[in-house]
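# Structural overview for review
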Amino acid sequence: MSLTYSSYIAQIANLMAVQSSTTQFQTMAPGMIDYAEQRLYRELNLIYTRATVTGTLSANSRSFTLPNATGAIPFITVSNVNAVISSVRKPLLHMPSNVVDYLAPNDTATAGDYPTMYYMKDQSTLTVGPSATSSTTLEILGTYRPAPLSVTNTSTQLTNFFPDLFIAASMIFATGYQRDFGAQSDNPAQGQSWENQYDLLIKSALTEEARKKFNEEAYKQ
């Protein structure tokens, strides 16, 4: 059964045997959600978190600032880059920075040039080569972090399709919170039992995600 923010908070409070209305719980809850979501998005590599967007590479420039994946949310990883030339996609090869800089060192393009390779200069910038002689559309494929679960964002892909795993991941954090993150010494079984449950559940979730991708290797970052 899927969860909403309200039902999720109620289940966690019940498992912790606390009142969800307490100041301490309300202060802890955002950190718990962030821990569970970040861990699950990294480990599951969900097909849901893929995005494809386009941006414009200026003429005579090797620098391309990544557009946001969706809304105000940036890309976390980039998987593929295509130059769109006369409505035809031409994939750019990801190459080491020294190779791109050696083979295409100039910002000024030669007539007819367009990018054929790139490297990640930093989290939000690509360096391409060669430069293009005119403004060129680049198509970016990658992954992003969806908006977190909250009072105003009452459901997510995780609460809709992985509610059991989301609860288990949340309880790992919540158990640590209740034991001042010393569950290993205070009550070893409590913290470890939720970690063990998480390990069991994520195996089946990964199998399901693999089916969605037809065991595709391209998005294994």
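Residues numbered from 1 in each chain as written. Predicted model: local features only at pLDDT ≥ 70, side-chain atom pairs only at ≥ 80, totals over all residues. Heavy atoms only, no water.

## Comments concerning the overall build of the chain
When helices and strands are counted, the chain shows 7 helices and 8 strands. With respect to the principal axes defined by its C-alpha atoms, the chain has extents near 70 × 30 × 30 Å. Considering the chain as a whole, with its 221 residues, one finds that 42% of them fall into the buried category. Here the analysis covers contacts within the chain between residues at least 6 apart in sequence; of these, 71% occur between residues at least 24 apart. Accessible surface, the chain: about 11800 Å² in total, of which carbon and sulfur atoms supply 52%. Looking at charge distribution, the chain has the averaged site of its 14 positive side-chain charges lying 5 Å from that of its 17 negative ones. (Helix = DSSP H or I, 4+ residues; strand = E, 2+ residues; numbered from the N terminus. Buried < 20%, exposed > 50% of the residue type's maximum accessible area, 1.4 Å probe, protein only. Contact = heavy atoms within 4.5 Å. Areas by Shrake-Rupley, 256 points an atom, 1.4 Å probe, with all protein chains shown as cover. Lys, Arg positive; Asp, Glu negative; His and termini not counted. Charge placed at Lys NZ, Arg CZ, Asp CG, Glu CD.)

## Remarks on the side chain of Thr156
In this structure, Thr156 sits in the loop between strand 8 (136–144) and helix 4 (157–161). Since its relative accessible area comes to 6%, Thr156 is described here as buried.

## Focus on the nonpolar core
Ranked by size, the top nonpolar core spans 33 residues in total, and within it Tyr8, Leu44 and Leu165 carry the most contacts. For this core, the elements supplying multiple residues, two or more each, are helix 1 (5–16), helix 2 (23–44), helix 5 (163–178) and helix 7 (188–212). Setting aside its immediate chain neighbours within four residues, Leu44 contacts Leu158, Phe162, Leu165, Ile202, Ala205, Leu206, Glu209 and Lys213. One finds Leu57, Leu66, Ala69 and Ile140 within the second-largest nonpolar core, a separate group that totals 18 residues. (Core = buried A, V, L, I, M, F, W, Y, C linked by side-chain atoms within 4.5 Å.)

## Topic: the sheet that holds strand 6 (residues 117–122)
Strand order across the open sheet formed by 4 strands is 2-7-6-5, with mixed pairing between neighbours. Taken across any chain shown, the strands that pair with only one partner, and hence form the sheet edges, are strand 2 (63–65) and strand 5 (93–94). Of the strand pairs in this sheet, strand 5 and strand 6 are connected by 2 bridges, and their pairing is parallel. Within the sheet, the bridge partner assigned to His94 lies in strand 6 and is Tyr118. (Pairing = 2+ DSSP bridges.)

## Remarks on the confidence of the model for the chain
Averaged over all residues, the pLDDT of the chain equals 90, while 90% of them reach at least 70. The lowest-confidence element of the chain is helix 6 (residues 183–186), averaging 50 in pLDDT; the highest-confidence one is strand 5, averaging 98. (pLDDT = per-residue confidence, 0-100.)

## A look at the packing of helix 1 against helix 5
It is the contact of helix 1 with helix 5, at a shortest axis distance of 10 Å, that shows an interaxial angle of 45°. In terms of their interaxial angle, helix 1 and helix 5 are classed as oblique. Considering the relative orientation of helix 1 and helix 5, their crossing is right-handed. Contacts from Tyr8, Gln11, Ile12, Leu15 and Met16 in helix 1 reach Phe166, Ile167, Ser170, Met171, Ala174, Tyr177 and Gln178 in helix 5. (Axes fitted to C-alpha atoms, helices over the stretch in contact; angles between N-to-C directions. Parallel < 35°, antiparallel > 145°, perpendicular 65-115°, else oblique. Left-handed = near helix turned anticlockwise from the far one by under 90°.)

## Comments concerning the side chain of Glu139
As for its placement among the helices and strands, Glu139 is situated in strand 8. Since its relative accessible area comes to 8%, Glu139 is described here as buried. Of the polar contacts made by the side chain of Glu139, one reaches the side chain of Arg89; its length is 2.7 Å. (Polar contact = N/O pair within 3.5 Å; in protein donor to acceptor, adjacent residues only side chain to side chain.)

## Examining helix 1
Under the 1.5 Å per step criterion, the end-to-end length of helix 1 is 16 Å for 12 residues, consistent within 8% with the ideal 16 Å. The set of residues buried in helix 1 consists of Tyr5, Tyr8, Ile9, Ile12, Ala13 and Met16. When helix 1 is viewed along its axis, its buried side chains cluster within an angular range of 130° and face the same direction. Residues of helix 1 that are exposed and point more than 90 degrees away from the buried face comprise Ser6 and Asn14. If you follow the buried residues of helix 1, they end up packed against helix 2 and helix 5. Ala17, located one to two residues past helix 1, shows a positive phi value of around 60°. (Expected span 1.5 Å × (residues − 1). Arc of directions from axis to C-beta.)

## Quick notes on the pairing of strand 7 (residues 125–129)
Moving residue by residue along a regular strand, the side chains alternate between the two faces of the sheet. In terms of residue burial, strand 7 counts as a mostly covered element, since 5 of its 5 residues are buried. Across the two faces of strand 7 the burial is the same, with Thr125, Thr127 and Gly129 and Leu126 and Val128 all buried. In this structure, the hairpin formed by strand 6 and strand 7 is closed by a connection of 2 residues.

## Re the sheet that holds strand 3 (residues 75–85)
An order of 1-8-3-4 is seen for the 4 strands of this open sheet, with the pairing classed as antiparallel. At either margin of the open sheet sits one strand with a lone partner, and together these are strand 1 (50–57) and strand 4 (88–91). Across the sheet, the mean angle separating the axes of adjacent strands is 35° when strand polarity is ignored. Summarising the sheet, strand 3 and strand 8 pair through 8 bridges and their orientation is antiparallel. Within strand 8, the residue paired with Val81 across the bridge is Ile140.

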